[in-house]
Amino acid sequence: METIHVNVKNAPYDIYVGGGMLSKTNYLWKKLKLSSQVLIVSDPVVFELYGKKLIDNFSFLGIEPFVHCVAQGEASKNPDEIFKIYDILVANKYSRDCVIVAFGGGVIGDLTGFAAATYMRGVNLIQIPTTLLAQVDSSIGGKTAINHKYGKNLIGSFYQPKAVIIDVDVLATLPERELRTGLAEVIKYGVIEDQSFFDYLSRNKDKLGVYQPENKTIWIKIILTSCKAKAKIVTIDEREQGLRAILNYGHTIGHAIETITDYKKYNHGEAVAIGMVGAAIIAKNRGLVDPDVVMRISNLAKYLGLPVEVKGYDASEIINILKLDKKVKEGKVHFILPKRIGLVEDFADITNNEIMKALKELEGTK
Ligand SMILES: NC(=O)c1ccc[n+]([C@@H]2O[C@H](COP(=O)([O-])OP(=O)(O)OC[C@H]3O[C@@H](n4cnc5c(N)ncnc54)[C@H](O)[C@@H]3O)[C@@H](O)[C@H]2O)c1
Ligand SMILES: [Zn+2]
């Protein structure tokens, strides 16, 4: 088991990463001196696969957690589901020192995190992320949120967990497309701040298309490196006032593509992959990077089964969507652009023409 310390102000915590971690929960419970009043929030797919293992582990401590399953899928990040969690907590007299466990992907993490942040003005939260995306991204950094009917993640808070427990073994059952969506964020960490990690991913790319237990050490290294990168960035900029913006690399065009396709054609990581190549193209056209950098990012993403081209959408409509994005500050669309693999910078002066040109090139990147 490896530990990463996340030194956020006033609420530092550790991320525990390894194989067989679900069976070590009891040990961590004792170590962290957590209460026996536990609510596990999960989804039916995850709970069917791994619920028994987790519950059995709690039984060693004589703890019988209350389990609440929420339908899988983005639609569950809504106020009704939050109130259902409050109802359980109130009905069962959960007190200020209770523990709420988010056991699932990013949907469960965001929903449960927001419930924990708001019940009694904040109770203990433990994240046990089970998708690659949740393990390398959404469970770390303290962002919790639910959706509003007019927009995703509009209601939320920054709220740090007491611990994040990452069991790499659960990736064995994760559908390949879900694995790939997480890999897009993994590639992102390489591009934004760690060239040697990008090289490591490129060297091992033939082992990453599917999760194979014999490659566990590679996956553990990938998760650890990604968590360390995110932990470092969010520690410096907990509330997204500066540096944290670099995590948005690939997300400007990515979000516009998710929006224009009504969140149906591409999942998040797929849209981000296209966006990372798009941003690299803008950087190349500005002379910030050699064409080789675009190719390296594009080739790695493509090899891992991620799309790197987008066709058939009206470029001016994409630009209109960009202007409505949350990342627009003082009327300017912000783009995180690579200056090399392992270094990016925030640019607020990208013109419509540059975006148009990049979208045109995205129609046929090889
Ligand atoms: N808070 C943040 O900083 C942050 C960052 C990125 C994304 N997010 C949010 O995360 C959400 C997406 O999360 P996600 O990609 O994890 O999707 P998800 O939570 O919807 O999970 C995807 C699917 O995988 C299944 N699943 C989960 N673990 C499994 C396993 N081990 N084996 C088999 N199936 C498994 C789930 O049942 C679900 O059907 C979005 O709502 C997004 O807004 C939040
Ligand atoms: Zn993302």
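In this report, we go over the structure that sits alongside the text.

Criteria and thresholds
- In every chain, residue numbers begin from 1 and rise along the written sequence.
- Key to labels: chains lettered from A, ligands numbered from 1, both in the order written.
- Only residues with pLDDT of at least 70 get local features here, since the model is predicted, and only at 80 or more are side-chain atom pairs given and counted; chain-wide, interface and lining totals rely on the full set of residues.
- Hydrogens and waters are ignored; side-chain quantities use all the structure's heavy atoms.
- Think of a 1 Å grid over just the protein atoms. A cavity is a set of points where a 1.4 Å probe fits yet cannot get out, a pocket is an open set with protein on both sides within 12 Å along at least five of seven lines, and lining residues have an atom within 4 Å of a point.
- Grid points are joined across faces, edges and corners, and a volume is the space filled by probe spheres set on the points.
- Here a strand is any run of E in DSSP of at least two residues, a helix any run of H or I of at least four, and the numbering for each starts at the N terminus.
- In this classification, the charged set is Asp, Glu, Lys and Arg, the nonpolar set is Ala, Val, Leu, Ile, Met, Phe, Trp, Tyr, Cys and Pro, and all remaining amino acids, among them Gly, are polar.
- Counted as donors are the N, O and S atoms within 2.8 Å of the metal, or 3.2 Å for Na, K and Ca, while water is not among the atoms, so some sites may look incomplete.
- Using a 1.4 Å probe on the protein chains alone, a residue whose accessible area is under 20% of its type maximum counts as buried, one over 50% counts as exposed, and one in between counts as partly exposed.
- A pair of strands is labelled paired if DSSP reports no fewer than 2 bridges between them.
- Working rule for contacts: check all heavy atoms of both residues, and any pair within 4.5 Å makes them a contact.

## Focus on empty space enclosed by the protein
Line of reasoning, step 1. A full pass over the atoms with the stated rule returns one cavity of 30 Å³ or more.
Line of reasoning, step 2. There is about 40 Å³ of room inside the largest cavity.
Line of reasoning, step 3. In this structure, the largest cavity is lined by Leu125, Gln127, Ser138, Ser139, Ile140, Gly142, Lys143, Thr144, Tyr159 and Pro161.
Line of reasoning, step 4. Among the secondary structure elements, those contributing two or more residues to the lining of the largest cavity are β6 (124-129) and β7 (143-148).
Line of reasoning, step 5. In terms of residue class, the lining of the largest cavity is built from four nonpolar, five polar and one charged.

## Description of the coordination of the zinc ion (ligand 2)
Line of reasoning, step 1. Looking at the metal site, the zinc ion (ligand 2) is ligated by Glu185 (OE), His251 (NE2) and His268 (NE2), spaced 2.0 to 2.1 Å from it.
Line of reasoning, step 2. Here the donor residues for the zinc ion (ligand 2) map to a single chain with the spacing E-x65-H-x16-H. A residue pair is termed long-range when its members are at least 10 positions apart, and Glu185 in helix α6 (residues 176-193) and His268 in helix α10 (residues 268-285) qualify at 83 residues.
Line of reasoning, step 3. Here His268 falls in the partly exposed class, since its relative accessible area comes to 23%.

## Comments concerning the pairing of strand β5 (residues 99-104)
Line of reasoning, step 1. The element β5 is largely enclosed, with a buried count of six among its six residues.
Line of reasoning, step 2. As defined by bridge partners, strand β3 (residues 38-42) adjoins β5 across five bridges and the pair is classed as parallel. Each bridged residue has a counterpart across the sheet, and for Leu39 the counterpart in β5 is Ile100.
Line of reasoning, step 3. In the sheet, β5 pairs with β6 via six bridges, with the strands oriented parallel.

## Some remarks on the environment of Ala145
Line of reasoning, step 1. Secondary-structure assignment places Ala145 in strand β7.
Line of reasoning, step 2. Residue Ala145 is classed as buried on the basis of its relative accessible area of 6%.
Line of reasoning, step 3. Here the alpha-carbon distance between Ala145 and Tyr159, two residues 14 residues apart in the chain, equals 10.0 Å.
Line of reasoning, step 4. Contacts of Ala145, omitting those with residues within four sequence positions, involve Lys77, Asp110, Leu111, Phe114, Asn153, Ile155 and Gly156.

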